[in-house]
Amino acid sequence: MSDSPVRYAPGWPGIPPRWSSSAKSGVGTALNQHSKVWFTISHGILNEVYFPRVDQACTRDLGFIVTDGRSFFSEEKRHCTFENRPCEPGVPVYELTNTEIGGRYRIKKEVLCDPYRNVVLQKVRCEPLKGQLSDYHLYALLAPHLANFGYHNTGWVGDYKGLPMFLAEHDGTALALACSAPWKKMSVGFVGASDGWQDLAAHFQMEWEYTRAENGNIACTGEIDLAACNGEFVLALGFGAMWTEAGQQVRSTLLEDYNDIRKYYIMHWHNWQDGLLKLDDPVREHDLYRSSTVMLRAHESKDFLGGIIASLSIPWGFNKGDEDLGGYHLVWPRDLVETAGALLAAGAPIDAVRVLRYLEATQEAEGNWAQNLWLDGRSYWAGVQMDETAFPILLLDLLRREGAPGIGKLQRWWPMVRKAAGFIVRNGPVTQQDRWEEDAGYSPFTLAAEISALLVAAEIAELTGHSDQAFTLRDTADAWNDNIERWTYATGGDLAQQVGVEGYYVRIAPPQTDGAASPIQGFVPIKNRPPGENNFERASHLVSPDSLALVRFGLRAPDDPRILNTVRVIDALLRVQLPQGPCWYRYNGDGYGEHKDGSVFDGTGIGRPWPLLAGERAHYELAAGRPKEAEALLAMIEQCPAGHSRLLPEQVWDADDISALELFRGKPTGSACPLVWAHAEYVKLRRSLRDGKIFDQPPQAVQRYLVEKPTRQVFGWRFNNKPRSIPRNKKLRIILLMPAMVHWSIDGWKTAADTNTRDTGLGTYVVDLPTASLPTGSSAVFTFYWPQEQRWEGRDYSVVVE
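These lines cover the structure that appears in this document, whether it is placed above or below. Predicted model only: the values in this text are computed from it and were never measured.

As for the overall build of the protein
Moving on, step 1. When helices and strands are counted, the protein shows 20 helices and 33 strands.
Moving on, step 2. Taken over the C-alpha trace, the protein has a radius of gyration of 29 Å; the compact-globule value for 802 residues is 28 Å, and the two agree within 12%.
Moving on, step 3. Across its three principal axes, the protein shows a C-alpha extent of roughly 100 × 55 × 55 Å.
Moving on, step 4. A buried classification covers 62% of the 802 residues belonging to the protein.
Moving on, step 5. Within the protein, residue pairs in contact and separated by at least 24 positions form 69% of the contacts whose partners lie at least 6 positions apart.
Moving on, step 6. Carbon and sulfur atoms provide 50% of the accessible area of the protein, an area that totals close to 28800 Å².
Moving on, step 7. Here the protein contributes 82 positively and 98 negatively charged side chains, and the mean placements of these two sets differ by 4 Å.

Here it is, written out as structure tokens:
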């Protein structure tokens, strides 16, 4: 075959490439470090396959086309009904049955990985339902998208040591596709111009046999000799750094006994599952526990141990091209910690500790973590989310409380904690982005994470002999906890009146500026709205289930009247009744989701319900002493996957069915599926329900704010949080990021004093001004001299006593 003349495909470079549907029905990988491939399944076929890292997609899809050679053309992913069942719970071997809608044929597949090679295997049986096997032609159609790119792929028809195969390469990554049955015909072309789909759709058989297509969006098409194998064969898709490596992997796998490969693949998953807590219930009709634990573990890197990506999918991927390099196959530190907590909840502490070690190694020099990152630590987006710096501290404490191995020696972990806590102290309480990656300001969720993390850090500081830092950390936590309502609790107003409550926690309040009397009176930009619509809302008009984090993290009691008021507002504005039960939106006015007509999110749209929010609400119900309500929400979540899939989506559809777009009420939208975070919340909920309490609640916050309830005498001022006023009977603490001399007066500059800041050891420098005895209406006025720069601030600041 290699001696034949090269027949170059016409139509370079092909149409713009697109990824596949994000609504996956299966995800799998071998549970060892020898096999560095991950596969996904949707619409009955292989979708993106990842190699050599879980953040690098290398294919768009691999499916079949069936013709009769004359007038019948059927593409498996478009013209079949699909069944997809794992061979058993907790093992990602998928048994696919695709039946042509006209009842002419059925294709059965079993999909798994070779546990010792970089190869994905499909054991296939093609069955005629009308006529004979000889009446049909079967073609494999593969779309390489090597190294996260659809363009710039080069493919050719070749062989490895005499075994015919398709080969492709791009940017140091290669693939090979071979079959246990003979190929009758083979061709490589440019998508939309000279690929096999175009050929078969026009001619019902392969008339084009191009042997090479270079530097474009390509597809490989091969006819399988059904007569030679009686309709049964194995397809092997392998990968390597160069084509010979990919070819060797494929040939080596095909020489092995398929049943032996299957046995060892399943055995490795059995061994891991057998070590987990038995939180599943065999009588539950839609139990997702074992499939959820598979999703947690299957998304982990095999080179960067402990690095777990958010999803092996690209939201609305069929509408995305090479411009969306990351998709959701990136690490979000928040999602990562949620996943580690779920692994711990499921009884896998060693796996959870790997996550902490990964976080330790990818912490930025300043102490924070990147908004999201490639597995090697390179940041992808440039935002800063303060909760993502708090979460690793909370994970360390959860691991410590659960007795995870390797955590007892806290001195080892203190440098990571000190840097992270110092970053929070220097840059909080405001966040550049909330957990939905949209807005800056005072977020109840972020505040809850920051404050509880500072209390944990204070305890670790004491246990490691750093009592001075412990005082500063706990003092900062107390100051911020004391101001949560001041920053985020709105009272009065039309929304409160409409629902019939005294007040409620807002979704987020913007950083305080001179234009608003308080953060709650400021305006919040609303993302993902189309041009021409109002892109700003008053903070007091926006609510979110995020405020329930104040209970989840132990800062407020579930029966606190302010929490109860907020729950009423949340339910009035954000709860939607689906066929399987209630679910919640992220916030009112959310634009991250499909449009009203079901068309894809394209930068604007309408936010849809998130199943993981039902899990968070269930945790609140459990804390409030209503386990039956929490159980009902668990059952609701279990009915969110589509069909026989056991994968939880990011969002579910909340409007009338649009069958042409595969949008069905209560079932997945085109958003990410699976979302590992959703599976993590489900697993933690199973553990919390078993224990009768919130599994990941930090006890330090509960003890300090719900039991001890300390009275605080200090009120803070900092450049990213400049209050205009101070409550009576409190000292004013000025917190700076550089050493300074504070020049101040409390009598309108009739007298003045100079006080040098003191170093807290956490990157902040503080001075306390004696404002506690000042009467209402008095002012403290101050300015700064910066000795390192040998300059004065050049303006005065003032704070009025309330």
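Concerning the pattern of salt bridges
Opposite charge on two side chains permits them to pair, given that their charged atoms come into close proximity.
Moving on, step 1. Inspection of the entire model under this criterion finds 68 salt bridges.
Moving on, step 2. Between Asp478 and Arg704 there is a salt bridge, with the nearest N and O atoms lying 2.6 Å from each other. Note that Asp478 is positioned in helix H12 (residues 467–482) and Arg704 in helix H20 (residues 699–708), a separation of 226 residues in sequence. Just as Asp478 is buried, Arg704 falls in that class too.
Moving on, step 3. In this structure, Asp696 and Lys684 form a salt bridge, with 3.0 Å as the shortest nitrogen-oxygen distance. Of this pair, Asp696 sits in the loop between helix H19 (676–691) and H20 while Lys684 sits in helix H19; the two residues are twelve residues apart in sequence, bridging distant segments of the chain.
Moving on, step 4. Among the charged side chains, a network of salt bridges with common partners joins Asp434, Glu438, Asp439, Arg507, Arg586 and Asp590.

Some remarks on the nonpolar core
Generally speaking, nonpolar side chains in soluble globular proteins are found buried as a group.
Moving on, step 1. Phe39 and Phe233 are the most contacted members of the largest nonpolar core, which has 230 residues in total.
Moving on, step 2. By size, the runner-up hydrophobic cluster in this structure holds 19 residues, among which are Leu732, Val742, Leu774 and Val801.

As for helix H17 (residues 611–623)
Every α-helical turn comprises 3.6 residues, leaving residues that sit three or four positions apart pointing alike.
Moving on, step 1. Relative to the 18 Å expected for 13 residues at 1.5 Å per residue, H17 spans 19 Å between its end C-alpha atoms, a close match to the ideal helical length.
Moving on, step 2. H17 sits mainly inside the fold: twelve of its 13 residues count as buried.
Moving on, step 3. Structurally, H17 contributes buried residues whose contacts are with helix H15 (549–552), helix H16 (561–574), strand S23 (581–584), helix H18 (627–638) and H19.
Moving on, step 4. Two residues or fewer after H17 comes Gly625, characterised by a positive phi angle close to 85°.

Quick notes on unusual backbone geometry
Moving on, step 1. Here the residue pair Trp12 and Pro13 is connected by a cis peptide bond, since its omega of 0° sits within 30 degrees of zero.
Moving on, step 2. Structurally, Pro13 can be placed in the segment before strand S1 (26–29).
Moving on, step 3. Phe51 connects to Pro52 through a cis peptide bond whose omega is -10°.
Moving on, step 4. One can find Pro52 in the loop between strand S3 (45–50) and strand S4 (59–67).
Moving on, step 5. The backbone of Lys161 sits at a positive phi, close to 55°, despite the residue not being glycine.
Moving on, step 6. Its place among the elements puts Lys161 in the loop between strand S11 (153–160) and strand S12 (163–170).

Things to note about the layout of surface pockets
Over the atoms rolls a probe the size of a water molecule, and its path tells where empty space is left.
Moving on, step 1. Taken as a whole, the second largest pocket encloses approximately 590 Å³ of empty space.
Moving on, step 2. As for the second largest pocket, its lining consists of 26 residues, and the residues nearest its centre are Tyr328, Trp381, Trp436, Glu437 and Tyr592.
Moving on, step 3. Looking at the lining of the second largest pocket residue by residue, the class counts come to 13 nonpolar, three polar and ten charged.

Some remarks on the sheet that holds strand S6 (residues 80–88)
One key point about sheets: their strands pair by backbone hydrogen bonds, in either a parallel or an antiparallel sense.
Moving on, step 1. Within the open sheet, the nine strands sit side by side as S6-S7-S8-S9-S17-S13-S12-S11-S15. Their pairing is antiparallel. Looking at which strands have only one partner, the edges of the open sheet turn out to be S6 and strand S15 (212–216). With strand direction ignored, the average angle separating the axes of adjacent strands in the sheet is 20°.
Moving on, step 2. Bridge count between strand S9 (residues 119–128) and strand S17 (residues 232–240): seven bridges; the pairing is antiparallel. Bridging from a neighbouring strand, Arg125 pairs with Glu232 of S17.

With respect to the environment of Gly643
Moving on, step 1. Here Gly643 lies in the loop between H18 and H19.
Moving on, step 2. When the C-alpha positions of Gly643 and Pro315 are compared, they lie 19 Å apart, and in sequence the two are 328 residues distant.

Calculation criteria
Per chain, the residues get numbers from 1 upward, laid out in the order the sequence is written. Residue-level local features of this predicted model are given only where pLDDT is at least 70; pairs of side-chain atoms are given and counted only at 80 or more, and the full residue set underlies all totals for whole chains, interfaces and linings. Note that the side-chain values use all heavy atoms of the structure and ignore hydrogens as well as water. Working definition: helices are DSSP H or I runs of at least four residues, strands are E runs of at least two. Numbering for both runs from the N terminus. Radius of gyration: over C-alpha atoms. The globule rule applied is 2.2 Å multiplied by the number of residues raised to the 0.38 power. Partly exposed describes any residue whose relative accessible area lies between the buried limit of under 20% and the exposed limit of over 50%, with all areas from a 1.4 Å probe on protein chains only and scaled to the type maximum. Contact criterion: two residues are considered in contact whenever any of their non-hydrogen atoms come within 4.5 Å of each other. Calculation of accessible area relied on Shrake-Rupley with a 1.4 Å probe; when residues are assessed, cover is drawn exclusively from the protein chains displayed. Charge assignment in this entry is limited to Lys and Arg as positive and Asp and Glu as negative, and neither His nor the chain termini are counted. Every charge is mapped onto a representative atom, which is NZ of Lys, CZ of Arg, CG of Asp or CD of Glu. Each salt bridge in this description consists of a side-chain nitrogen of Lys or Arg and a carboxyl oxygen of Asp or Glu lying within 4 Å of one another. Nonpolar core, defined: a set of buried Ala, Val, Leu, Ile, Met, Phe, Trp, Tyr and Cys residues in which side-chain atoms within 4.5 Å join the residues together. A helix is expected to span 1.5 Å for every residue after the first. The way it works is a 1 Å grid over only the protein atoms, where trapped points that fit a 1.4 Å probe form a cavity and open points with protein on both sides within 12 Å along at least five of seven lines form a pocket, and then any residue with an atom within 4 Å of a point lines it. Grid points are joined across faces, edges and corners, and a volume is the space filled by probe spheres set on the points. Under the scheme applied here, ten amino acids are nonpolar (Ala, Val, Leu, Ile, Met, Phe, Trp, Tyr, Cys and Pro), four are charged (Asp, Glu, Lys and Arg), and all others, including Gly, are polar. Should DSSP find at least two bridges between two strands, the strands are taken to pair. Note on geometry: axes are lines fitted to C-alpha atoms, helical ones only across the stretch in contact, with angles between N-to-C directions running from 0 to 180 degrees.

So, to be careful, I would describe these as geometric facts and stop short of saying anything about function.
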